[in-house]
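Here are the chains, one letter per residue:
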Amino acid sequence: MLTAAELSVRREALGPSPDLSALIRRLAERAAPLLARRPPAPRAKALLSTDGGFCPQDRSPLRFDPWSPSVHRCPRCGCEFTGERHDLAWARYQHLWLAERAATLATLASLADHQAAAGTAQAILIDYAGAYLEFPNRDNVLGPGRLFFSTYLESIWLTDYLSAAVLLRESGQLSPEAAEGVNQVADEAANLIGEFDEGLSNRQTWHNAALTAAAVWFEDEELATRTVEGPTGILAHLLQGFRDDGMWFEGENYHLFALRGQLLALGWARWTGVDLLADERLALRLHAALRAPAVTALPDHTFPARKDSRFGVSLAQPMYLELWEVGLARLGRTDSDLWGWLRELYSVPAPPAQPFDSYLHEMDEPPPDRPRTRADLSWWSLLEMMPAMPEVEGRWAPGSVLLEQQGLAVLREGDRYTSLECGAYGGGHGHPDRLHLTLHAGGCHWLADPGTGSYVDRDLFWYRSTLAHNAPRLDGVSQPPVDARCTNFDVQGDWSWARGSYGALSRTLVSGPHYLLDLLDLSADEEHLLEVPWHLDGTVEVLTAGGWAPDQLADEFVSSPERFTGDTADAVVLRASAPGSAAITLRLHLDGGQLLRAVGPGRPGQAARQTFYLVRTQGRNARLVAVLEPAAGAALVQALRVEGELVQVEHAEGVDSHLPVSDGWEMTLEAGPLHLAGGRRPPVVSKPLINPDRPLVAHGVAAHVPEPPALDGTLEGFTPTEPMALDYEDQYRRSEEPYPGPEELSATVLANWDESALYLGIEVVKSEVIIRAPDSPPLRLDNELDDIHADGVQVYLRPDRDGPVYGFLVVPGDEDGAIRVHPVSGYAGAPEMVDGGWQGTETGYSITLGISVADWRVRGGDRIPFDLLVNEMRPGRLRRAGQLVWSGGGGWVYLRGDRQPETAFGVLELE
């Protein structure tokens, strides 16, 4: 953002700069339709649902048209659809689009004295000022908000809204009426955003930007100080969110989103007098953050879809182009080699525009038939980018690189890109895909990380499984959320290698001029089933002679599993032909294990299901070896032989021998011996001797009963003991409203046991019991069970220290006292394990449960991990209002679904 004085300087720069002049002309052209007629403004809060905004025929996202609030077209099938759910999905983007248009118009008014633009921008501000408080703050998915279902969206909107207001104010074109209206909106929105602190999060960068903008608007020094210097403020995110290797801890997709929020926040902070980039150390950290996605980009200029990323998104999108434009301008780095990267992006064909929450600049336009230029960028670039791009020598060539903290090793050879994913699991956006292999070569994305499709589609759980990745798994289940580590990385001329370790598994990649050698090793104390999937792009054929027979591969998303019946004494050879070009191929030589194939979901955005392959073996010490040879002609590799630790690759020019040694990797090549080393030291993790913040563990007692209780919703037959109480604020997880107090919501729990079951008698104080009838229409809100949005309880226990956790969601089923039981996702359990009933009481309701787990020998003196949650639903809502948690902790109910982490459980002692 620019002050009045800075706006004056920028006006003077427009004329001499062809790029800035072209951009302001283009912005004026884009603004013309808004000046000719007022765009429609939503009068409803945006809704996140599984059906709204999606084609009911093929599940494609419906095209966002800012001029069509009630008719929505599918870009794939061409059909048009109407309905409230689609309109509410449209409202999400329309609110954001209008605020962004207001900022664009205010920029034109400030730099070009465009009176019509000033009037329309001011009209948008006044319109929202009159309506903002009428939007309800309820039924949110992730934090409070009025226009949106998540606070981060409110933050994006407010940042643009206040940008427009400040620009008009600084250029003397904001009326007192509009300023007063902005005061009301900014005050309410800042209060909503300020109370929902998300800690170290990509979304919090946007909260910080919006709150700092509010501090600028109100000239609130205290708020500015908190958002800049606070424990989750702008400085903390620059130092901790972006790691030493430059990458945001949640991967490229969230890196780019957080980087935009962080750059905006830094700009607002500079307005308050705090220029963090004046510190050279912080400037270098920002430059590393600008560099990280450039050095990990795929050869087709998309970012790898690691973790919860969108798949196949081009970095030549204008939203990303201006990250480098604005970031490098802020740093004043005319010598940065990233200008070469930026010039390369400007030279590639323009990708189709995609809707982004934080960038809807070109959503009402078709994609250009030329590469994008600086004139295609937004109002933000007009304010901040350099008047001319600096010249740089040479072409952009990042080479092989290891992002140490991210744990990502990228091996480049010519146009071949290979990566091995190690590092941290990735928090809430992480995937169970440690040691995943990505391969892009010859213009084909042979082995891809699929990222994530839609958060509201069921296939979300496929993309969040190990089986959907080119990553190993043990015993037929997805990897547990444990970090991996890159133990070796080295580059020697045409050869490079990387090795990662993950528990009992290690994966070694050796990259040479013509082929890639992949070794997956298991070293364990017990026998395991080891499997590694291969999700190959293109048309695949098995060159080794043999047929297929039916087999088993248990997964809800997988069909038609078959086992290869050919001779596997030597390596099995597969050949994949690139889509649209049979001359570009990938040969895959597989040694060790049994080969299977099956059909599963394709990559996100692909309607058709795809065949994938899988190699499995059994043992304590096992090795699976593969050679991958992408080629645009005749293949060179002729055979793969494995003898113990020795691996030999026979090719047209001779035989390469590969052997692991104590300090690295030894190769005997036609050109002579070569040694790869590059051992990486494990990170040093320091822990305090005494942790003053160690949480207290909740403790409860279950008394023995000689006879089972009635389990009819009354406490008849329960032996009184000290009840477990859920009745104070620290036990309440809220949505929009704080804890109403024990008179409005509380619970007491009696626990009993006998040799066959655990019995729970739960009395809930609540003025009105909200029941979801068995025949209620589906809510279609997300992937969570609808019954979490009703009054009921969630119960968790782990009877055996070495056994599974059992979890159950139990709700009143009907007015006659029946209950409805669901197993909790991710935990063991079945509905038949729970018996019970419920009934209404004068103060709320009571529910009684008997939980029997097969092979559980219930004994006195046992201390079992246990937890119990009480869900709260209120009239007139779509989503639950909150929940009481016996183990305590408070916080927010958003995104928790029916899950409760085992680390939070208390202890139930059986007396």
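Residues numbered from 1 in each chain as written. Predicted model: local features only at pLDDT ≥ 70, side-chain atom pairs only at ≥ 80, totals over all residues. Heavy atoms only, no water.

### Remarks on helix H4 (residues 115-131)
Thinking step 1. In a regular helix each residue adds 1.5 Å, so 17 residues correspond to 24 Å; H4 covers 25 Å between its end C-alpha atoms and thus fits that length.
Thinking step 2. As for H4, its buried residues are in contact with helix H2 (18-36), helix H3 (84-112), helix H5 (151-170) and helix H6 (176-195). (Helix = DSSP H or I, 4+ residues; strand = E, 2+ residues; numbered from the N terminus. Expected span 1.5 Å × (residues − 1). Contact = heavy atoms within 4.5 Å.)

### Concerning the pairing of strand E28 (residues 745-753)
Thinking step 1. Here E28 lies mainly inside the structure; eight of its nine residues are buried.
Thinking step 2. Here strand E25 (residues 699-704) pairs with E28 via three bridges, running parallel. Bridged to His-704 within E28 is Trp-753.
Thinking step 3. Here strand E26 (residues 724-726) pairs with E28 via three bridges, running antiparallel. Paired with Ala-725 across the bridge in E28 is Thr-748.
Thinking step 4. As paired strands, E28 and strand E29 (residues 758-766) are joined by nine bridges and run antiparallel to one another. Bridging from a neighbouring strand, Ala-747 pairs with Val-764 of E29.
Thinking step 5. Connecting E28 to the next strand, E29, in antiparallel fashion are four residues. (Buried < 20%, exposed > 50% of the residue type's maximum accessible area, 1.4 Å probe, protein only. Pairing = 2+ DSSP bridges.)

### Some remarks on the sheet that holds strand E4 (residues 408-413)
Thinking step 1. Within the open sheet, the five strands sit side by side as E3-E4-E5-E6-E7. Their pairing is antiparallel. Where the open sheet ends on each side, the last strands, each with one partner, are strand E3 (401-403) and strand E7 (444-447). Taken pair by pair, the neighbouring strands of this sheet meet at an average axis angle of 15°, ignoring direction.
Thinking step 2. Where E4 lies against strand E5 (residues 416-421), six bridges are found, and the strand directions are antiparallel. In the sheet register, Glu-413 faces E5, and the bridge partner there is Arg-416. (Axes fitted to C-alpha atoms, helices over the stretch in contact; angles between N-to-C directions.)

### Some details on the side chain of Thr-585
Thinking step 1. Its place among the elements puts Thr-585 in strand E17 (residues 581-591).
Thinking step 2. The class for Thr-585 is buried, based on a relative accessible area of 10%.
Thinking step 3. Residues within four places of Thr-585 in sequence aside, it is in contact with Trp-446, Arg-575, Ala-576, Ser-577, Glu-629, Pro-630, Ala-631 and Gly-633.

On their own, these measurements won't tell you what the molecule is for.
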